[in-house]
Amino acid sequence: MRLPYGSASMWNRVRHCPASLVLPTTLDISSSDAAARGTAIHAYLERVSNADPEAMARVAEEYQPYCETLDLDDLPLGAGFVAEAAFALDLSTGEARVMGHGLDRGYEKTLKPVEIPGTADVVQVGPDHVYVGDYKTGRSVHVARDSWQMKMLGLMAARAYGKSSAVVEIIQLMEDGSVYKNQAEWDEWDLQEIFARVFHVAGLVRGLRDRGDLTASDVVEGDHCQWCPAFSSCPAKIALLNHLVTADEKAIKSGVHSRLTMANAHEAYTMWRRMKKIVDEVGAALHAYAKRAPIDLENGKVYGPVETVRESLDPQTTVDVVKKQLGEQYALRAVKFSVTKTSVTNAARAAWKDKPEDDRPTLKAITNDLMGEIADRGGVKGTVSSMIKEHK
């Protein structure tokens, strides 16, 4: 079932481009490895919050090492906090209700046509306000005050529990197990303004859906396009792709070099990013197609699967054989010795895991001690490199 007005998690995109909720969906963003990892971590923290004694045992083995590094004492878990609270905001009345807990985004059974659903990872109800926390995994840093997902969840929770204000917090779970938090607070007037904006955008969605036959002028492009499930059906992307396919390659190259100036460079960069994303999407589609049915390129070549075998040597066996036949001094030349911050962290994690639970420091403390002494001994070398990328 496609949600008529999306869910709270979609509104970082929807508030920019209402048409993205109307266009046919072609991309399943929930099937990536990153999404699977994030889902597993969220499920683990939900079980911890619900005092499930099998919380860790039920985590897939590949995600257990990371879950073991999380400092649970620094997270909103246990008594007073409610995990995975699902809400529904009624566009016709501005009221909200609690749909349940632990629904796993299964909104379809009770959701009304005029409602927008949303699930908060953590909720706590105070005397005059609600607290809403949302876990984020991965390297992207999210800002609570700018997040429309958090604005929606704060609004829903405040209206559902009859509170006049909302405190929302994004809890960023960093790769080393540490936690970064940032908050925003909205009073009653702020919440009214948020609902007014939601109501307006929902009206735009309804109008576009009723009209149908969307064109490039109906969509709004930007960074939010990256994970849009309607990316491949977007009329703006299709128009640009058609232009690329029909345009003369030499004319494009000469035009870019001759017309690029300081005044238009930012526009050219934005266009290049759009084109690159589209070309990457086309490449991914061709790759998937050729995997099933090789493509005859009509030049004596075929684009399709090619099996290659790359041999690798077992380090220990190789060293033992070279040492036996040539001697120890030559055996050392057969192997490469390398170390990275990741390998140090892995060593620290293994040592941390082997220590008794009642007598061990945090993984972060062990890692910091190791890196500190390595630096003190002059074991940290810095190299300067330069690359062209987006930055602040």
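Residues numbered from 1 in each chain as written. Predicted model: local features only at pLDDT ≥ 70, side-chain atom pairs only at ≥ 80, totals over all residues. Heavy atoms only, no water.

## What to know about the overall build of the protein
Which entries qualify depends on this criterion: The helix and strand labels rest on DSSP assignments: H or I over at least four residues marks a helix, E over at least two residues marks a strand, and numbering proceeds from the N terminus. We call a residue buried when its accessible area falls under 20% of the maximum for its residue type, exposed when it is over 50%, and partly exposed in between, using a 1.4 Å probe and counting protein chains only. Residue contacts are counted whenever heavy atoms from the two residues lie within 4.5 Å of one another. A 1.4 Å probe and the Shrake-Rupley method give the accessible areas. Residues count as covered only by the protein chains that appear here. Charge counting follows a simple rule: Lys and Arg are positive, Asp and Glu are negative, and His as well as the terminal groups are ignored. We put the charge of a Lys on NZ, of an Arg on CZ, of an Asp on CG and of a Glu on CD.
If you tally the helices and strands in the protein, you get 12 helices and 8 strands. The principal-axis extent of the C-alpha atoms belonging to the protein is close to 85 × 65 × 45 Å. For the protein, the residues scored as buried account for 34% of the 392 residues in total. Considering only residue pairs separated by 6 or more positions, the protein has 63% of its internal contacts joining residues 24 or more positions apart. On the protein, roughly 25300 Å² of surface is accessible, and the fraction owed to carbon and sulfur atoms is 54%. Where the 47 positive side-chain charges of the protein centre and where its 54 negative ones centre are 6 Å apart.

## Considerations on the side chain of Glu115
Definition in use: We call two N or O atoms a polar contact when they sit within 3.5 Å, provided that within protein one can donate a hydrogen and the other can accept it, with sequence-adjacent residues counted only if both atoms are side-chain atoms.
Locating Glu115 in the fold gives a position in strand 3 (residues 115-125). Classification of Glu115 by relative accessible area gives buried; the value is 2%. Looking at Glu115, its side chain comes within polar contact range of the side chain of Arg97, at 2.8 Å. Side-chain polar atoms of Glu115 contact the backbone nitrogen of Lys112, separated by 2.9 Å. With sequence-adjacent residues up to four places away left out, Glu115 is seen in contact with Ala88, Leu89, Asp90, Arg97 and Thr110.

## A few points about the pattern of salt bridges
Worth spelling out the cut-off: Any Lys or Arg side-chain nitrogen found within 4 Å of a carboxyl oxygen on Asp or Glu counts as a salt bridge.
Within the structure shown, the criterion is met by 11 salt bridges. Here Asp52 ties to Arg58 by a salt bridge, and the two come within 2.7 Å at their closest N and O atoms. As a salt-bridge pair, Glu373 and Arg377 come within 2.8 Å of each other at their nearest N and O atoms.

## Quick notes on helix 9 (residues 315-326)
Operational definition: Expected span of a helix, by definition, is 1.5 Å for each gap between consecutive residues, and there is one gap fewer than residues.
Helix length check: helix 9 (12 residues) gives 16 Å between terminal C-alpha atoms against 16 Å at 1.5 Å per residue, within 8%. Positive phi appears at Gly327, one or two residues downstream of helix 9, with a value of about 110 degrees.

## Section: the packing of helix 4 (residues 148-161) against helix 5 (residues 188-211)
Selection criterion: Orientation is described by lines fitted to C-alpha atoms, with helices fitted over the stretch in contact, and by angles between N-to-C directions that extend from 0 to 180 degrees. Should an angle fall under 35 degrees it is called roughly parallel, over 145 degrees roughly antiparallel, and 65 to 115 degrees roughly perpendicular, with every other angle called oblique. Left-handed describes a crossing whose near helix is turned anticlockwise from the far helix by less than a right angle; the clockwise case is right-handed. Lys, Arg, Asp and Glu make up the charged group, whereas Ala, Val, Leu, Ile, Met, Phe, Trp, Tyr, Cys and Pro make up the nonpolar group; the residues left over, Gly among them, are polar.
The interhelical angle for the contact between helix 4 and helix 5, taken along N-to-C directions, is 115 degrees, at an axis separation of 10 Å. Comparing the axis directions of helix 4 and helix 5 gives the class roughly perpendicular. For helix 4 against helix 5, the interelement crossing comes out left-handed. In this structure, helix 4 contributes Trp148, Lys151, Met152, Gly154, Leu155, Ala158 and Arg159 to the contact, and helix 5 contributes Leu191, Gln192, Ile194, Phe195, Arg197 and Val198. Of the residues in the contact of helix 4 with helix 5, the class split is 8 nonpolar, 2 polar and 3 charged.

## Description of unusual backbone geometry
A positive phi is found at Ala51, a non-glycine position, where the angle reads about 60 degrees. Here Ala51 is to be found in the loop between helix 2 (33-49) and helix 3 (64-69). Classification of Ala51 by relative accessible area gives exposed; the value is 63%. Although it is not a glycine, Glu84 adopts a positive phi angle of roughly 50 degrees. Tracing the chain through its elements places Glu84 in strand 1 (residues 82-90).

## Here's the deal with empty space enclosed by the protein
Our working definition: Put simply, the grid is 1 Å and covers the protein atoms alone, a cavity is a trapped set of points that fit a 1.4 Å probe, a pocket is an open set with protein on both sides within 12 Å along at least five of seven lines, and lining residues have an atom within 4 Å of a point. Grid points are joined across faces, edges and corners, and a volume is the space filled by probe spheres set on the points.
In the structure shown here, the tally under the stated rule is 2 cavities of 30 Å³ or more. Along the wall of the largest cavity there are 13 residues; nearest its centre are Cys17, Cys225, Cys228, Cys234 and Lys237. Its residues assigned to classes, the lining of the largest cavity comprises 8 nonpolar, 2 polar and 3 charged. When its volume is computed, the second largest cavity comes out at roughly 50 Å³. For the second largest cavity, the full set of lining residues is His42, Leu45, Glu46, Ser49, Pro76, Leu77, Ala83, Glu84, Asp121, Val122 and Tyr135. Residue assignment for the lining of the second largest cavity shows that the elements contributing at least two residues are helix 2, strand 1 and strand 3. The greatest single-element share of the lining of the second largest cavity, amounting to 4 residues, is contributed by helix 2. Class assignment of the residues belonging to the lining of the second largest cavity gives a composition of 6 nonpolar, 2 polar and 3 charged.

## Description of the packing of aromatic side chains
In plain terms, the rule: Working definition: a ring pair exists when centres of Phe, Tyr or Trp rings (six-membered ring for Trp) sit within 6.5 Å. Plane angles under 30 degrees give stacked, over 60 give edge-to-face, the rest tilted.
Within the structure shown, the criterion is met by 4 aromatic pairs. Aromatic pair Tyr269 and Trp272: ring centres 5.8 Å apart, planes at 35 degrees, arrangement tilted. Placement of both Tyr269 and Trp272 in helix 8 (residues 265-292) is noted, with a separation of 3 residues, approximately one turn of the helix. Given the relative accessible area of 36%, Tyr269 is considered partly exposed.

## Side note on the confidence of the model for the protein
Residues shown with low pLDDT carry predicted positions that ought not to be read at fine detail. So the rule is basically this: One confidence number per residue, pLDDT, is output by the predictor and ranges from 0 to 100.
For the protein, per-residue confidence averages 86 on the pLDDT scale, and 94% of positions sit at 70 or higher. When the elements of the protein are averaged for pLDDT, helix 7 (residues 249-259) gives the smallest value, 69, and helix 4 the largest, 97.

## Concerning a negative patch on the surface
Which entries qualify depends on this criterion: Residues with no salt bridge and a relative accessible area higher than 30% make up the patches, which join like charges within 9 Å and nonpolar side chains (Val, Leu, Ile, Met, Phe, Trp, Tyr) within 5 Å.
Taken together, the side chains of Asp128, Glu185, Asp187 and Glu188 make up a negatively charged region of the molecular surface. With respect to the secondary-structure elements, Asp128 resides in the loop between strand 3 and strand 4 (129-136).

## Brief notes about the environment of Tyr131
Assignment of secondary structure puts Tyr131 in strand 4. Residue classification places Tyr131 among the buried residues on the basis of a relative accessible area of 8%. It is 7.8 Å that separates the C-alpha atoms of Tyr131 and Gly154, two residues lying 23 residues apart in sequence. Not counting residues within four places of it along the chain, the set of residues in contact with Tyr131 comprises Pro76, Phe81, Val122, Val123, Gln124, Val167, Glu169, Ile171 and Gln183.

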